[in-house]
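If you want the building blocks of each chain, they are given just below.
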Amino acid sequence: MGFMCGRYATTANPARLAAELDAIDETDSGDRPDAGPNYNVAPTNQVLTVVERHDRDHPDDDPRLRVRRMRWGLIPVWTKAAEPGVPVKGKPLFNARADKAATTASFRDAVKRRRCLVPMDGWYEWLVEGQTDKGKAIKQPYFMSHADGSRLYMAGLWSTWRDKETPQMRPLLSCTILTTDAIGDLTKIHDRMPLPMPREHWDAWLDPDHPAPLELLETPPVEWISDIVARPVSPLVNSVRNNGPELLADTSHSEQAGQISLI
């Protein structure tokens, strides 16, 4: 199967998210057009992340959670510039295999020093459910989320890219979402899934002073996704031009909906 977790939805407001997590909001949202809910997040969009870092002016203070906005699609620090302040386009690194990230050149530095959480309401995946009269595959989109609608936090990695020729320019922050083997009933949808990070592991995962515990990069126990459910949604999500709460509407009673059930 192809890429997974190439589209997700988030209604998190950065200021409210920071308040909920007792974090510092560093997004400088203002009137940005991408500051509100996004029901069809796609690679290269600016997305919210949660990191833990020391204060630059007080490095000896304890690190604090910080909400930051980053480009979805990690740009390795060694990427060359195409023009001043603009990195050369490379592979769309919006996903990273958790089991290989620590030894992959594009991600291994981030595994050691720059790990993050990517908050989301849920993610989309497509399942082939038959074909048309002309033999074209019919792909039904599904939305995976907590049964109670609570926010998911996926493990991610991030990078700070600077153009060495123009060091005065603002650095570019970018991130990727870690993926792992699908487990439990989620295997009915796709063979891969984003790697969830339960709250009890946040301290170890985000700790800026120590490497990531490699066991957190292994295929997680099924308990980590026990309350995640999947529902068929409208094919409107197929186009990134469509963006609204109607994309999350359950179409399980529609004639077009598939019959798969995870619960």
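Residues numbered from 1 in each chain as written. Predicted model: local features only at pLDDT ≥ 70, side-chain atom pairs only at ≥ 80, totals over all residues. Heavy atoms only, no water.

What about the sheet that holds strand E1 (residues 8-10)?
Okay, so step 1: Spatial strand order, E3-E1-E10-E11-E15: five strands in an open sheet with antiparallel pairing. The open sheet is flanked by strand E3 (38-41) and strand E15 (228-232), the only strands paired with a single partner. Neighbouring strand axes in the sheet, compared pairwise and without regard to direction, differ in orientation by 30° on average.
Okay, so step 2: Two strands pair when backbone bridges link them, and E1 and E3 are joined in this way by two bridges, in the antiparallel orientation. (Pairing = 2+ DSSP bridges. Helix = DSSP H or I, 4+ residues; strand = E, 2+ residues; numbered from the N terminus. Axes fitted to C-alpha atoms, helices over the stretch in contact; angles between N-to-C directions.)

Points about the packing of aromatic side chains
Okay, so step 1: Under the criterion given, the structure shown has five aromatic pairs.
Okay, so step 2: Judged by centre distance (6.4 Å) and plane angle (40°), the rings of Tyr124 and Trp126 are tilted.
Okay, so step 3: With centroids separated by 5.0 Å and ring planes inclined at 50°, the aromatic side chains of Tyr124 and Phe143 adopt a geometry described as tilted. Here the residue Tyr124 occupies a position in strand E10 (residues 122-131), and Phe143 occupies one in strand E11 (residues 137-146), the gap between them amounting to 19 residues.
Okay, so step 4: By relative accessible area, Tyr124 is classed as buried at 0%.
Okay, so step 5: Relative accessible area serves as the criterion here: at 2%, Phe143 is assigned to the buried category.
Okay, so step 6: A cation over an aromatic ring shows up here: Arg114 above the ring of Trp158, its NZ or CZ 5.4 Å from the ring centre.
Okay, so step 7: When the ring centre of Trp205 is taken as reference, the NZ or CZ atom of Arg115 above it lies at 5.7 Å. (Phe/Tyr/Trp six-rings, centres within 6.5 Å; stacked < 30°, edge-to-face > 60°. Buried < 20%, exposed > 50% of the residue type's maximum accessible area, 1.4 Å probe, protein only. Lys NZ or Arg CZ within 6 Å of the ring centre and 35° of its normal.)

Focus: helix H1 (residues 14-21)
Okay, so step 1: Where H1 is concerned, the buried positions are Pro14, Leu17, Ala18 and Leu21. Projected down its long axis, H1 shows its buried positions confined to an angular sector of 100°, all on one face. Those residues of H1 that are exposed and angled more than 90 degrees off the buried face are Arg16, Ala19 and Glu20.
Okay, so step 2: Elements that come into contact with the buried residues of H1 comprise strand E2 (24-25), strand E4 (46-53), strand E5 (64-72), strand E9 (115-120), strand E12 (152-161) and helix H3 (202-206).
Okay, so step 3: Note on H1: the residue one or two positions beyond its end, Asp22, has a positive phi of about 55°. (Arc of directions from axis to C-beta. Contact = heavy atoms within 4.5 Å.)

A few points about the layout of surface pockets
Okay, so step 1: The space that makes up the largest pocket amounts to roughly 840 Å³.
Okay, so step 2: If you go around the largest pocket, you meet 25 residues; those closest to its centre are Arg56, Arg68, Arg170, Pro171 and Leu173.
Okay, so step 3: If you list the elements that add at least two residues to the lining of the largest pocket, you get E4, E5, E12 and strand E13 (172-181).
Okay, so step 4: Take the lining of the largest pocket: its biggest share by element is four residues, from E5.
Okay, so step 5: A per-class count over the lining of the largest pocket returns seven nonpolar, five polar and 13 charged. (1 Å grid on protein atoms, 1.4 Å probe; cavity = no way out; pocket = protein on both sides within 12 Å on 5 of 7 lines; lining within 4 Å. Points joined across faces, edges and corners; volume = space filled by probe spheres on them. Nonpolar A, V, L, I, M, F, W, Y, C, P; charged D, E, K, R; others polar.)

Keep in mind that these numbers describe shape and distance, not what the molecule does.
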